[in-house]
Amino acid sequence: MLTAATFFDLSSFGHPQLFADGAYVWTALNHLKGYMNDFAYTLPDSPLLPQGAPLTATVVLHGGRVLAADGLQIHYGDTTRGGLIVRDSGEILVGATVIMGGAVLLGKEIDFGTGVLVESGAMIRSPAIIGEMSEVRQGAYLRGYCLAGRRCILGHATEVKHSIFLDDAKAGHFAYLGDSILGNGTNLGAGTKFANLRFLPGNVTLRIDGERIDTGRRKLGAILGDHTQTGCNSVTNPGTILGRNCVLMPNTTAPSGYHSEGTLIFPSAHRKSGR
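Residues numbered from 1 in each chain as written. Predicted model: local features only at pLDDT ≥ 70, side-chain atom pairs only at ≥ 80, totals over all residues. Heavy atoms only, no water.

**Remarks on helix H2 (residues 27–37)**
- Listing the buried residues of H2 in full gives Thr27, Ala28, Leu29, Leu32, Tyr35 and Met36.
- Buried positions along H2 lie against strand E11 (128–130), strand E14 (146–148), strand E17 (163–165) and strand E20 (181–182). (Buried < 20%, exposed > 50% of the residue type's maximum accessible area, 1.4 Å probe, protein only. Helix = DSSP H or I, 4+ residues; strand = E, 2+ residues; numbered from the N terminus. Contact = heavy atoms within 4.5 Å.)

Right under this line is the structure:
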């Protein structure tokens, strides 16, 4: 119980080694820094990719090269469905990634998969790993140790630090995620906030079936199982763990602790029900 297998299908995730067999699911966050510090990053050196300053023009990453977008034809379709298409004199540059002018990259330890779009105004601090066909939207702030799988959305005015997105996880608008994990196919409503630090000193503890479990972590946000959703302007307390297929309703604060698969959490007096 409360292992990664309880919450996620890891069969297609590119970084399953973060999740140790039989360990509590939140221990993946303990492994994240070491894993990302040892990762082999592929961001090329180029004067077209200045450090700590906004890109003066849009660039394209393809085949280990950094290309100026001038003269290329870019179709900005749905990134997560392979709709980002770059052509050079009519020939498609398969798997090209686009970083728009005005984006800021801070540090060399950044890895982009194929078909990624980084919009103008996004700021990415290293280390960061952004999986293929993912989208980093305008105004997103990635504060370091952010790892996203395939087809993820790190959205407009969304701040992320020390967190893991499994495939197809989406935090599209005005969210905050710290020390958190989003499962496959999860979706955060606009304005979702994951609190990750207790007011009082000490580690985040969870009460589960009458037993109190010390997570060993001073900071722990939320963990969402596969296909769980949150409504607009919802909030989770530190150490909120939602199983698969849960729903946190809009304008609702979720209490810390484990909420089992299929739980529906309402806004009134922490009421919840199974579905």
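We are not done yet, so read on.
**Focus on the packing of aromatic side chains**
- Overall, the coordinates contain 7 aromatic pairs when judged by the stated rule.
- Ring centres 4.5 Å apart and planes at 15 degrees place the aromatic pair Tyr24 and Trp26 in the stacked group.
- Tyr24 sits in the partly exposed class, given a relative accessible area of 35%.
- Under the relative-accessibility criterion, Trp26 is labelled buried at 1%.
- Feature note: the residues Phe7, Phe8, Phe13, Phe19 and Tyr258 constitute an aromatic cluster, connected by ring pairs. (Phe/Tyr/Trp six-rings, centres within 6.5 Å; stacked < 30°, edge-to-face > 60°.)

**So, the pairing of strand E18 (residues 170–173)**
- With 3 bridges connecting them, strand E15 (residues 153–156) and E18 associate as parallel partners. Of the residues in E18, the one forming a bridge with Leu154 is Ala171.
- Inspection of the sheet shows E18 paired to strand E21 (residues 187–188) by 2 bridges, in the parallel sense. Note that in E21 the partner of Ala171 across the bridge is Leu188. (Pairing = 2+ DSSP bridges.)

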